[in-house]
Amino acid sequence: SQKIEQNSEALNIQEGKTATLTCNYTNYSPAYLQWYRQDPGRGPVFLLLIRENEKEKRKERLKVTFDTTLKQSLFHITASQPADSATYLCALGLDAGKSTFGDGTTLTVKP
Amino acid sequence: GAVVSQHPSRVICKSGTSVKIECRSLDFQATTMFWYRQFPKQSLMLMATSNEGSKATYEQGVEKDKFLINHASLTLSTLTVTSAHPEDSSFYICSAFYHPSGQETQYFGPGTRLLVL
């Protein structure tokens with residue numbers, strides 16, 4: 001069956017450290033993968049998109065890797081700050097613009 | 001970046017009434033919009049794909065007669081929850097598909113919190 005798994009529901013780290021979030025999937029062949037941030041009671045906000053033929057993408061303190069052999073994406077936030085505390089969702093890009101979402105990982109960055 | 005708005009942001013209604021939620025793309029035209037539902041501590045579940053000028057495509061298990069979708073223009077899609085019941089209480093989020101320079105991206109609205117009493 002098709003499945004998307006994000007590591008641990010919750011991740012707690014100290015300010016200044018690098019947060020690493022994992023997204024694994026089975027029985028999907030996504031053309032691309034996206035990461036979103038969602039704050040409580042708000043809609044998701046797009047962060048990064050990485051295509052199946054790209055290994056890595058960066059944007060400021062964010063880095064995403066995509067390994068289609070392992071069927072895994074890693075999402076890194078370097079020099080983390082308390083303001084980075086939120087739920088992070090990975091989404092697989094499928095046909096016609098549809099995306100299917102993981103359950104999310106709630107990151108808490110402690111000062 | 002592209003902006004998507006939703007109205008209302010929060011609605012409380014009595015069981016049996018209908019509620020309409022609007023989703024607008026403010027600075028771009030969206031031929032495709034998506035409607036999601038999100039229960040507490042769960043991820044977004046796609047309900048339907050709304051295509052401008054044609055009928056919506058519903059995901060398996062979503063009742064099309066209960067969740068009416070209309071995409072009358074390139075900037076507006078509406079979701080009407082008909083004869084709402086308490087189990088329909090949820091967070092409804094729309095998104096618009098936007099692909100500038102080949103970067104397929106969904107931009108999400110802020111969501112509508114529906115509470116059915």
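In this text, all values refer to a predicted model and were calculated from it rather than measured experimentally.

Draft legend 1. Quick look at the overall build of chain B. Of the regular secondary structure elements, chain B holds 0 helices and 11 strands. Secondary structure of chain B in N-to-C order comes out as β-β-β-β-β-β-β-β-β-β-β. The C-alpha atoms of chain B give a radius of gyration of 14 Å, which matches the 13 Å a tight globule of 117 residues would have. Its C-alpha atoms give chain B principal-axis dimensions of roughly 45 × 30 × 25 Å.

Draft legend 2. Structural view of a nonpolar patch on the surface. All names here are of chain B. There is a patch of nonpolar side chains on the surface, built from Ile12, Leu115 and Leu117 and spanning about 310 Å² of accessible area. The topology assignment puts Leu115 in strand 11 (residues 112–116). With relative accessibility at 39%, the residue Leu115 sits in the partly exposed group.

Draft legend 3. Inspection of the sheet that holds strand 8 (residues 76–81) of chain B at higher detail. All names here are of chain B. Overall, antiparallel pairing links the 4 strands, which are arranged 1-3-8-7 in an open sheet. At either end of the open sheet lies a strand with only one pairing partner, and these are strand 1 (4–7) and strand 7 (67–73). Direction aside, the axes of adjacent strands within the sheet are offset by 15 degrees on average. Pairing of strand 1 with strand 3 (residues 19–25), which is carried by 4 bridges, proceeds in the antiparallel orientation. Bridge pairing in strand 3 places His7 opposite Glu22.

Draft legend 4. Quick peek at the packing of aromatic side chains. This structure, assessed with the given rule, holds 12 aromatic pairs over all chains. Taken together, a centroid distance of 6.4 Å and an interplanar angle of 40 degrees make the contact between Phe67(B) and Tyr92(B) tilted. Taken together, the positions of Phe67(B) in strand 7 and Tyr92(B) in strand 9 (residues 90–98) put the pair 25 residues apart, joining distant regions of the chain. Like Tyr92(B), Phe67(B) is buried. An aromatic cluster of at least three residues, connected via ring pairs, comprises Tyr36(A), Phe46(A), Phe101(A), Phe28(B), Tyr36(B), Tyr107(B) and Phe108(B). In this structure, Lys66(B) is placed above the aromatic ring of Phe67(B), and the distance from its NZ or CZ to the ring centre is 6.0 Å.

Calculation rules
- Residues numbered from 1 in each chain as written.
- Chains lettered and ligands numbered in written order.
- Predicted model: local features only at pLDDT ≥ 70, side-chain atom pairs only at ≥ 80, totals over all residues.
- Heavy atoms only, no water.
- Helix = DSSP H or I, 4+ residues; strand = E, 2+ residues; numbered from the N terminus.
- Rg over C-alpha atoms; globule rule 2.2 N^0.38 Å.
- Patch = residues over 30% accessible without salt bridge, like charges linked within 9 Å, V, L, I, M, F, W, Y side chains within 5 Å.
- Areas by Shrake-Rupley, 256 points an atom, 1.4 Å probe, with all protein chains shown as cover.
- Salt bridge = Lys/Arg side-chain N within 4 Å of Asp/Glu carboxyl O.
- Buried < 20%, exposed > 50% of the residue type's maximum accessible area, 1.4 Å probe, protein only.
- Pairing = 2+ DSSP bridges.
- Axes fitted to C-alpha atoms, helices over the stretch in contact; angles between N-to-C directions.
- Phe/Tyr/Trp six-rings, centres within 6.5 Å; stacked < 30°, edge-to-face > 60°.
- Lys NZ or Arg CZ within 6 Å of the ring centre and 35° of its normal.

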